[in-house]
Amino acid sequence: MKRITLAALAGVAVIVTGPAYAQQQIDWDKIQIKTVDLGNKTYRLEGQGGNITLAVGSDGIIMVDTQFAPLSDKIKAAIKAISPLPVKYAIITHFHGDHTGGIANFQKDGVIAVAHDNIRIRLIAGTTNAITGNKMDPRSGDAIPKETYVGGTKTIEVGGRKAILTHYYNAHTDGDTGVYFPDANVIATGDIMNSNHRYQNVDYGNGGDIRGMIRATDDWLKIANDQTKVMTGHGPLADKKVVAEYNAMVKTARERVEKLYREGKSEDEVVALDPLKDLNTTWAANPDQAKNFLKQVYNSFNTRRD
Ligand SMILES: [Zn+2]
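Read on for an overview of the structure. All values derive from a computational prediction rather than experimental measurement. (Residues numbered from 1 in each chain as written. Predicted model: local features only at pLDDT ≥ 70, side-chain atom pairs only at ≥ 80, totals over all residues. Heavy atoms only, no water.)

**Some points on the overall build of the protein chain**
Reasoning step 1: The secondary structure content of the protein chain amounts to nine helices and 16 strands.
Reasoning step 2: In terms of overall size, the protein chain behaves like a compact globule, its C-alpha atoms giving a radius of gyration of 18 Å where 306 residues would be expected to give roughly 19 Å.
Reasoning step 3: In terms of overall dimensions, the protein chain has a C-alpha envelope of 60 × 45 × 35 Å along the principal axes.
Reasoning step 4: The proportion of buried residues among the 306 residues of the protein chain is 53%.
Reasoning step 5: Sequence separation of 24 or more characterises 64% of the internal contacts of the protein chain that already satisfy a separation of 6 or more.
Reasoning step 6: Counting only carbon and sulfur atoms, one obtains 50% of the accessible surface of the protein chain, whose full area is about 12,400 Å².
Reasoning step 7: For the protein chain, the distance from the average position of its 37 positive side-chain charges to the average position of its 35 negative side-chain charges is 1 Å. (Helix = DSSP H or I, 4+ residues; strand = E, 2+ residues; numbered from the N terminus. Rg over C-alpha atoms; globule rule 2.2 N^0.38 Å. Buried < 20%, exposed > 50% of the residue type's maximum accessible area, 1.4 Å probe, protein only. Contact = heavy atoms within 4.5 Å. Areas by Shrake-Rupley, 256 points an atom, 1.4 Å probe, with all protein chains shown as cover. Lys, Arg positive; Asp, Glu negative; His and termini not counted. Charge placed at Lys NZ, Arg CZ, Asp CG, Glu CD.)

**Structural notes on the coordination of the zinc ion**
Reasoning step 1: Around the zinc ion, the protein supplies His94 (NE2), His96 (ND1), His172 (NE2) and Asp191 (OD) as donor atoms, at distances of 2.2 to 2.3 Å.
Reasoning step 2: Taken together, the four donor atoms coordinating the zinc ion span angles of 83 to 170° at the metal, a pattern that classifies the geometry as irregular.
Reasoning step 3: Mapping the donors of the zinc ion onto the primary sequence gives the spacing H-x1-H-x75-H-x18-D. Of the two residues, histidine 94 sits in the loop between strand S7 (87-91) and helix H2 (97-100) while histidine 172 sits in the loop between strand S13 (161-168) and strand S14 (176-181), which places them 78 residues apart along the sequence. An identical accessibility class is assigned to histidine 94 and histidine 172; each is buried. (Donors = N, O, S within 2.8 Å, 3.2 Å for Na, K, Ca; no water. Tetrahedral: all angles 85-135°; square planar, octahedral: opposite > 155°, others 65-115°.)

**So, the sheet that holds strand S8 (residues 112-116)**
Hydrogen bonding along the main chain pairs the strands of a sheet, whether they run parallel or antiparallel.
Reasoning step 1: Reading across the sheet, the seven strands line up as S3-S4-S5-S6-S7-S8-S11 and stay open at both edges, with mixed pairing between neighbours. Each edge of the sheet is formed by a strand with only one pairing partner; in this case those strands are strand S3 (34-39) and strand S11 (147-149). This sheet shows a mean twist of 20° between the axes of neighbouring strands, independent of strand direction.
Reasoning step 2: Sheet topology note: the S7/S8 ladder contains three bridges and is parallel. Across the sheet, residue tyrosine 89 finds its bridge partner in S8, namely isoleucine 112.
Reasoning step 3: The strands touched by helix H1 (residues 72-82) within the sheet are S3, strand S4 (42-46), strand S5 (52-56), strand S6 (61-64) and S7, with S4 carrying the most contacts at an inclination of about 150°. (Pairing = 2+ DSSP bridges. Axes fitted to C-alpha atoms, helices over the stretch in contact; angles between N-to-C directions.)

**Brief notes about unusual backbone geometry**
Reasoning step 1: Residues other than glycine seldom take positive phi values, yet glutamine 67 does so here, at roughly 55°.
Reasoning step 2: Within the chain, histidine 197 stands out as a residue other than glycine whose phi angle is a positive 55°.
Reasoning step 3: Among the secondary structure elements, histidine 197 is positioned in the loop between strand S15 (186-190) and helix H5 (210-223).
Reasoning step 4: Since its relative accessible area comes to 29%, histidine 197 is described here as partly exposed.

**As for the packing of helix H6 (residues 240-262) against helix H9 (residues 287-302)**
Reasoning step 1: It is the contact of H6 with H9, at a shortest axis distance of 9 Å, that shows an interaxial angle of 60°. Considering their axes alone, H6 and H9 lie oblique with respect to each other. In this structure, H6 meets H9 at a crossing whose hand is right-handed. Contacts between H6 and H9 involve Met249, Ala253, Arg254, Val257, Glu258, Tyr261 and Arg262 from the former and Phe293, Leu294, Val297, Tyr298, Phe301 and Asn302 from the latter.
Reasoning step 2: Taken together, the residues of the contact of H6 with H9 break down into nine nonpolar, one polar and three charged. (Parallel < 35°, antiparallel > 145°, perpendicular 65-115°, else oblique. Left-handed = near helix turned anticlockwise from the far one by under 90°. Nonpolar A, V, L, I, M, F, W, Y, C, P; charged D, E, K, R; others polar.)

**Quick look at the side chain of arginine 211**
Reasoning step 1: Looking at the element boundaries, arginine 211 is found in helix H5.
Reasoning step 2: When its relative accessible area of 12% is taken as the criterion, arginine 211 is described as buried.

**Overview of the environment of glycine 47**
Reasoning step 1: When you line up the elements, glycine 47 lands in the loop between S4 and S5.
Reasoning step 2: Owing to a relative accessible area of 31%, glycine 47 belongs among the partly exposed residues under this scheme.
Reasoning step 3: The spatial distance from the C-alpha of glycine 47 to the C-alpha of lysine 74 is 9.1 Å, given a sequence separation of 27 residues.
Reasoning step 4: In contact with glycine 47, not counting residues within four places along its chain, are Ile31, Gln32, Ile33 and Gln67.

Coordinates in, geometry out; function isn't part of it.
Right, here's the structure in full:
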């Protein structure tokens, strides 16, 4: 989770903290939005925060995620450069600030943010990250998605474009939505995985669980073929091979850590045993990330949801 101070809303440089933004100074003025054409009137926008996917229909646009509030005007300009049509829906993959920060700015324009209902609940309540203690303040009004869904799936159609939303319960958080655009053969994963060959934050304090990351990536491996374009929350445009590598990693991590958990080992004992040592050499950005990921996998079981 990324904590954004109120100064962020004014568009000035602020400190954003969290696993991916450890004490990073963001100068919003310097950030450019880069557009990549994925074919089939589908686009990728890169800026700062979760990558954005756009699907342009005959009378409107479907968008996935909104990045940070100070970037909304730049993102709107980048969309206008692609198409004059209005954005009808902004699908929100999960509640973290680098994906939800722009919701209010887009909904003010008439865009309907669509998300799993757990996102609405978490945004209204405010959240705390179990590892870092970083807090996200409660939100209200236009910052809350206007449309939410419960249950497994939801389909959104705009001007001939179809987005199939799937709720992967207890994965990166408890409100993750994966989005599949069948006509463009594009999958948007949110933060259930990344394409940087790095461990991903399992936000177990907010319902995250390594087993959901396995369920989701198993599902995408079934949907995907060699031409599928995979839009991860963070990292470059990916493909089925990247999903397969990540899927193998989360499965190995789960097997090793669950075994130790079932044997009755404590979190400290598991940390001391260092069961992911070999994986850490290529998947961990640094020793802190290695340790945090191990604790997060352990606590996927420790929360006793199973
Ligand atoms: Zn996230």
